[in-house]
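Analysis of the macromolecular model
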Amino acid sequence: MFQENIFTQRGQALHKRVDDPGVEVRDGLRVERALPLYSDRLGLVGKVDVVEFLPDGSPYPVEYKHGSRHKRAEIARCDDLQLAAQAMCLEEMTGHSVPEAALFYATLRRCREVLISPELHQAVETALVEIRSMLSLGRLPPRRNDDHCRACSLRDLCQPEVLADNERHRRVLDHLFYEDD
Ligand code: SF4
């Protein structure tokens, strides 16, 4: 299921500006927009909004976000993980290390630099293992009923307040995703 809300629509409006693939040279840097990404090792494909290529060919990815750069730490962490996964794809594609990347918060026109640390690399790898495990078991992740839900467009469909508090509902819904022979 997917449902729009004001935040998904703002995100789409923002990305229309950077979703057209293109290349330009700016301040001596080659700048690519909407660059497709892949990693055979991680089994990932995706796209990054902008990559600035330094003169030695090193990539510096920039992902566009709407909203404030002063997000709660747990929510900012999701942005950092996305950026780290993009950096890891670019490392495999180009053979250059990607130690830093940035999130560009378009509303405020401010950047937040993110150090792509070994800890972030490990967190991406761990998340991939957990996601694949859930997929192979046919299970959904647990409902959170926390700050992530506040702006989530799926809130009405998911009803995290009801379901998170109700063990019987949880068991019924989990049961729906068991294989029935
Ligand atoms: S648990 Fe919260 S964040 Fe996850 S889908 Fe439901 S409403 Fe959205």
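**Notes on the overall build of the chain**
- Of regular secondary structure, the chain possesses seven helices and six strands.
- Going from the N terminus to the C terminus, the chain shows its helices and strands as α-β-β-β-β-α-β-β-α-α-α-α-α.
- When each of the 181 residues of the chain is scored for burial, the buried share is 31%.
- Expressed as a percentage of contacts within the chain between residues at least 6 apart in sequence, the contacts between residues at least 24 apart total 53%.
- Of the accessible surface of the chain, which amounts to about 11,800 Å², a share of 54% is contributed by carbon and sulfur atoms.

**Description of the site of the ligand**
- Taken together, Arg143, Arg144, His148, Cys149, Cys152, Arg155, Cys158 and Pro160 make up all the residues around the ligand.
- For the shell around the ligand, the elements supplying multiple residues, two or more each, are α4 (147-150) and α5 (155-158).
- Broken down by class, the residue content of the shell around the ligand amounts to four nonpolar, one polar and three charged.

**Here's the deal with unusual backbone geometry**
- In this model, Arg109 sits at a positive phi of 50°, which is unusual for a non-glycine residue.
- By the element assignment, Arg109 lies in the loop between β5 (100-105) and β6 (110-115).
- Here Gln159, not a glycine, exhibits a phi torsion of approximately 50°, which is positive.
- Looking at the secondary structure, you find Gln159 in the loop between α5 and α6 (160-164).

**Some words on the pairing of strand β3 (residues 44-53)**
- Relative to β3, strand β2 (residues 29-39) is paired through nine bridges, and the arrangement is antiparallel. Bridge pairing in β3 places Ser39 opposite Leu44.
- Hairpin remark: β2 followed by β3, antiparallel, with four residues in the connecting loop; positive phi at Gly43, about 70°.
- In the sheet, β3 pairs with strand β4 (residues 59-65) via four bridges, with the strands oriented antiparallel.

**Quick look at the environment of Ser58**
- Along the chain, the position of Ser58 falls in the loop between β3 and β4.
- Taking the relative accessible area as the measure of exposure, Ser58 reaches 12% and is therefore buried.
- Between the alpha carbons of Ser58 and Leu90 there is a distance of 9.2 Å; along the sequence they are 32 residues apart.
- Setting aside chain neighbours within four positions, we find Ser58 in contact with Glu52, Phe53 and His96.
- Within polar-contact distance, the side chain of Ser58 engages the side chain of Asp56 at 2.7 Å.

**Here we look at the confidence of the model for the chain**
- Across the chain, the average pLDDT comes to 87, with 88% of residues at 70 or higher.
- When pLDDT is averaged over each helix and strand of the chain, the minimum, 69, is found for helix α7 (residues 167-176) and the maximum, 96, for helix α3 (residues 118-137).

**Digging into the sheet that holds β6**
- The sheet built from six strands is open, its strands ordered β1-β2-β3-β4-β5-β6 with mixed pairing. Either end of the sheet is taken by a strand with one partner, and the two such strands are β1 (22-26) and β6. Direction aside, neighbouring strands of the sheet carry axes that sit 35° apart on average.

**What to know about the packing of aromatic side chains**
- Under the criterion given, the structure shown has one aromatic pair.
- Ring centres 4.9 Å apart and planes at 55° place the aromatic pair Tyr64 and Phe104 in the tilted group. One end of the pair, Tyr64, is in strand β4; the other, Phe104, is in strand β5, and 40 residues separate them in sequence.
- We classify Phe104 as buried; its relative accessible area is 12%.

**Here we look at the nonpolar core**
- Counting residues in hydrophobic clusters, the biggest one holds 22 residues, and the most contacted among them are Leu35, Leu37, Val51, Leu90, Val114, Ile116 and Val124.
- The element that contributes the greatest number of residues to this core is helix α2 (residues 73-94), accounting for seven residues.
- Beyond its immediate stretch of four places on either side in the chain, Leu35 contacts Gly46, Lys47, Val48, Val51, Phe53 and Leu90.
- Listed in part, the eleven residues of the second largest apolar core include Leu29, Val50, Phe104 and Ala106.

About the criteria used
Per-chain numbering applies: the sequence of each chain, read as written, is numbered from 1 onward. Whole-chain, interface and lining totals are the exception, using all residues; otherwise, since this is a predicted model, local features are given only for residues with pLDDT of at least 70 and side-chain atom pairs are given and counted only at 80 or more. In computing side-chain values, all of the structure's heavy atoms are included and hydrogens and water are not. A run of DSSP states H or I qualifies as a helix once it reaches four residues; a run of E qualifies as a strand once it reaches two. Both are numbered from the N-terminal end. Using a 1.4 Å probe on the protein chains alone, a residue whose accessible area is under 20% of its type maximum counts as buried, one over 50% counts as exposed, and one in between counts as partly exposed. Contact criterion: two residues are considered in contact whenever any of their non-hydrogen atoms come within 4.5 Å of each other. Where accessible areas are quoted, they stem from the Shrake-Rupley method and a 1.4 Å probe; at the residue level, only the protein chains shown are allowed to cover. Working definition: residue near molecule or strand if any one of its non-hydrogen atoms lies within 4 Å of it. Any residue that is not Ala, Val, Leu, Ile, Met, Phe, Trp, Tyr, Cys, Pro, Asp, Glu, Lys or Arg is counted as polar, Gly included; the first ten are nonpolar and the last four charged. A pair of strands is treated as paired once DSSP finds two or more bridges between them. Residues adjacent in sequence count toward polar contacts only when both atoms are side-chain atoms; beyond that, a polar contact is any pair of N or O atoms within 3.5 Å, and within protein one must be able to donate a hydrogen and the other to accept it. Per residue, pLDDT captures the predictor's confidence, and it can take any value from 0 to 100. Every axis in this analysis is a line fitted to C-alpha atoms, fitted for helices over the stretch in contact. Angles between the N-to-C directions lie between 0 and 180 degrees. Centre distance within 6.5 Å is the pairing criterion for rings of Phe, Tyr and Trp, where only the six-membered ring of Trp is used; planes under 30 degrees apart are then read as stacked, over 60 as edge-to-face, and the remainder as tilted. Residues enter a nonpolar core if they are buried and are Ala, Val, Leu, Ile, Met, Phe, Trp, Tyr or Cys, with the set joined through side-chain atoms within 4.5 Å.

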